Amino acid sequence: MEQDESSRVDVDAEIEQAWAEFEASLSTRIAALEDGRSILVQTLGEEPDGAALPYVQLMSFAEGTARRCEVSSDDLLAPATRTGTRGAALYEELGFQAPSPDPEDDAPNWFLHADAEDHEALAHVVVQVLREAFEVLHPLLLAGMPAAPSGAEAPDSALARWAPEPVDLEVAHPVACEDELADLVQRTLQMVTGEPVERDQDGDWPYPLERGTAWVRLLKGEPTIRVFAVVVHGIRSRRAATREVAILNRDAVSLRYISDGNVLVIELDVNAGPFVPGHLVDGLARFSQAAAQQPMDFAARTGGRVW
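Attention in this report is confined to the structure presented alongside it. Just so it is clear, the model here is predicted, and its values are computed rather than measured. (Residues numbered from 1 in each chain as written. Predicted model: local features only at pLDDT ≥ 70, side-chain atom pairs only at ≥ 80, totals over all residues. Heavy atoms only, no water.)

## Some thoughts on the overall build of the protein
Point 1. For the protein, the count of helices and strands is eight helices and eleven strands.
Point 2. Each of the 307 residues in the protein was classed as buried or not, and the buried ones make up 46%.
Point 3. Long-range contacts, defined as pairs at least 24 residues apart, comprise 65% of the intrachain contacts of the protein with a sequence gap of at least 6.
Point 4. With an accessible surface of roughly 16,000 Å², the protein has 47% of that area assigned to carbon and sulfur atoms. (Helix = DSSP H or I, 4+ residues; strand = E, 2+ residues; numbered from the N terminus. Buried < 20%, exposed > 50% of the residue type's maximum accessible area, 1.4 Å probe, protein only. Contact = heavy atoms within 4.5 Å. Areas by Shrake-Rupley, 256 points an atom, 1.4 Å probe, with all protein chains shown as cover.)

Shown next as C-alpha cells:
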C-alpha cells in the first residue's frame, strides 16, 4: 500500500453513492413487503445487556396497502446510543408520532404510517433517521435488511447488479492456509461493502473511511488480520505527537495509535485462528468510528493535516 496522491478517491462521493444505492434497494424491499413480514435495520455492534441497538423496523399491514415504520425509542437503548432531544426533534419533523407513555398501549417506539405506494419517500425517511439521528457514517455499518423477495424488481445500480457470495458472520472457520483465510476475508469485505473488493499489489484490501482509506492485510506467519490507515499527515511537532499518541493509547480498546515520522497511523488486529467474520465486521466498525473522531483533534494539536 502506497500513499499516492493520484490514487486517492473521492471518499465523500463514494459514501453518498453507497447511501443512494442503499436507499434504492430499501425502497424496492418496502414496496415488495407482504403482510406478516418485516424489515429490520440496526446499527452494528454488540447488543448491550438489557438494551437494544438503535434500529428501524418496517411492517406491512392493511392487506399490503400500508406500511408502518418504527424507530427505537430512547427507553429501549443504552445511554451511549440514545438520540435525546436531537433525535426527537428530527422524528417529529419527519412525521413520526411519539411513543405512548402507557405500557398497555404496546407502542414503545416512534412510529408513522404510510401508503405502500409511497415506498420511495419512506425509504428516504429511514435513511435520514440512520444518518442524522443514529449518525451512521456508511451503510456498511448497518445490519439487517434481507434480500429482496423473488420477483421484486431490483434497482439499477452497481449494488443490485453484483451480489457478494454470502458468509455466515457468526461461524468460526478453521483455516489451513493463507489462501483459505484470504478467500474468507475477501468475501466478508465484499458482503459489508456491497461491491467487489480486490487486493492491491501489496496484497492489501482497501476499505473506505469517512476521510481516506483503510487497508486490510494478512500478517505473514500468523493467523492475524491487520486493519491500518494513515489518518493524519504533515505533523509538525513530533514532541506533541508523542504526547498525544500516549494519551490515545491509554484510553484505546483494541486499537493502536502510532506516530511514524510525520504521520499518525491507526492499527487494529483481529485474531483469525479460527476466523469469525463477525469479529472483523465489528472491528471495522470500531476502526471507522475512531478514524472519524480522533484525527481532527490530533491534527490541531500537532500541526498536522487530515485527508
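Text resumes after the structure shown.
## Topic: the packing of aromatic side chains
Point 1. In the structure shown here, the tally under the stated rule is three aromatic pairs.
Point 2. Ring plane angle 80° and centroid distance 5.7 Å describe the contact between W19 and F22, whose orientation is recorded as edge-to-face. Here W19 pairs with F22, and both are found in helix α1 (residues 11-32), just three residues apart, close to one helical turn. Grouping residues by exposure puts W19 and F22 together as buried.
Point 3. Each residue in the set Y91, F96 and W110 is aromatic and connected to the rest through ring pairs, giving one cluster.
Point 4. Taking NZ or CZ as reference, R68 lies 4.2 Å from the ring centre of F111, over its face.
Point 5. In this structure, R199 packs its charged tip against the face of W205, placed 4.3 Å from the ring centre. (Phe/Tyr/Trp six-rings, centres within 6.5 Å; stacked < 30°, edge-to-face > 60°. Lys NZ or Arg CZ within 6 Å of the ring centre and 35° of its normal.)

## Here we look at the packing of helix α2 (residues 84-94) against helix α3 (residues 119-133)
Point 1. Close contact between α2 and α3 brings their axes to 11 Å; oriented N to C, the two are set at 165°. As the angle between them shows, α2 and α3 are arranged roughly antiparallel. Crossing of α2 over α3 shows right-handed handedness. Packed against α2, whose contacting residues are R86, L90, Y91 and L94, the element α3 presents V125, Q128, V129, E132 and A133 at the interface. (Axes fitted to C-alpha atoms, helices over the stretch in contact; angles between N-to-C directions. Parallel < 35°, antiparallel > 145°, perpendicular 65-115°, else oblique. Left-handed = near helix turned anticlockwise from the far one by under 90°.)

## A look at the packing of helix α6 (residues 238-251) against helix α8 (residues 295-302)
Point 1. Packing of α6 against α8 brings their axes to within 9 Å, and their N-to-C directions diverge by 150°. When the interaxial angle is binned, α6 and α8 end up roughly antiparallel. Considering the relative orientation of α6 and α8, their crossing is right-handed. Seen from α6, the contacting residues are A240, A241, E244, V245 and L248; seen from α8, they are F298, R301 and T302.
Point 2. Counted by class, the contact of α6 with α8 contains five nonpolar, one polar and two charged residues. (Nonpolar A, V, L, I, M, F, W, Y, C, P; charged D, E, K, R; others polar.)

## Some details on α8
Point 1. Among the residues of α8, P295, F298, A299 and T302 are the ones counted as buried. Along the axis of α8, the buried positions cluster into a sector of 100°, meaning they face one direction only.
Point 2. Those residues of α8 that are buried are in contact with β8 (224-233), α6, β10 (263-271), α7 (277-293) and β11 (305-306). (Arc of directions from axis to C-beta.)

## Let's talk about the pattern of salt bridges
Where charged atoms from two side chains of opposite charge approach closely, those side chains can pair.
Point 1. Counted under the stated rule, the structure contains twelve salt bridges.
Point 2. A salt bridge links R68 to E70; the shortest N-O distance between them is 2.7 Å. Of the two residues, R68 and E70, neither departs from the other in class, the shared state being buried.
Point 3. Several salt bridges converge on common partners, so that one network encompasses R226, R256, E267 and D269. (Salt bridge = Lys/Arg side-chain N within 4 Å of Asp/Glu carboxyl O.)

## What about the nonpolar core?
Point 1. Ranked by internal contacts, the top residues of the largest apolar core, which has 72 residues, are F96, V185 and I225.
Point 2. Per element, the largest residue contribution to this core is eight residues, and it comes from α3.
Point 3. Lining this core are residues from two domains, each supplying at least three of them: domain 1 (1-161) and domain 2 (178-306).
Point 4. Ignoring sequence-local partners within four residues, the contact set of I225 consists of L181, V185, V216, R217, L218, L268, D269, V270, A272, F275 and L280. (Core = buried A, V, L, I, M, F, W, Y, C linked by side-chain atoms within 4.5 Å. Domains from an automatic or database assignment.)

## Focus: the environment of R226
Point 1. Note on placement: R226 falls in strand β8.
Point 2. Residue R226 is classed as partly exposed on the basis of its relative accessible area, which comes to 22%.
Point 3. Through-space distance from the C-alpha of R226 to that of D269 is 4.5 Å; in sequence the pair is 43 residues apart.
Point 4. Excluding anything up to four places from it in sequence, R226 contacts W215, V216, R217, L219, R256, E267, L268 and D269.
Point 5. In terms of polar contacts, R226 uses its side chain to reach the side chain of D269, at 2.8 Å. (Polar contact = N/O pair within 3.5 Å; in protein donor to acceptor, adjacent residues only side chain to side chain.)

## A word on the pairing of strand β6 (residues 205-208)
Point 1. Pairing between β6 and strand β7 (residues 213-218): four bridges, direction antiparallel. Bridge assignment links Y207 to a residue of β7, and that residue is A214.
Point 2. Linking β6 back to β7 in an antiparallel pair, the connection comprises four residues, with G212 at a positive phi of about 85°. (Pairing = 2+ DSSP bridges.)

## Things to note about unusual backbone geometry
Point 1. Residue P274 is bonded to the preceding G273 through a cis peptide linkage, with omega at 0°.
Point 2. Of note in the backbone geometry, E63 takes a positive phi value of approximately 55° without being a glycine.
Point 3. Inspection of the secondary structure puts E63 in the loop between β2 (55-61) and β3 (66-71).
Point 4. For E63, a relative accessible area of 76% gives the class exposed.

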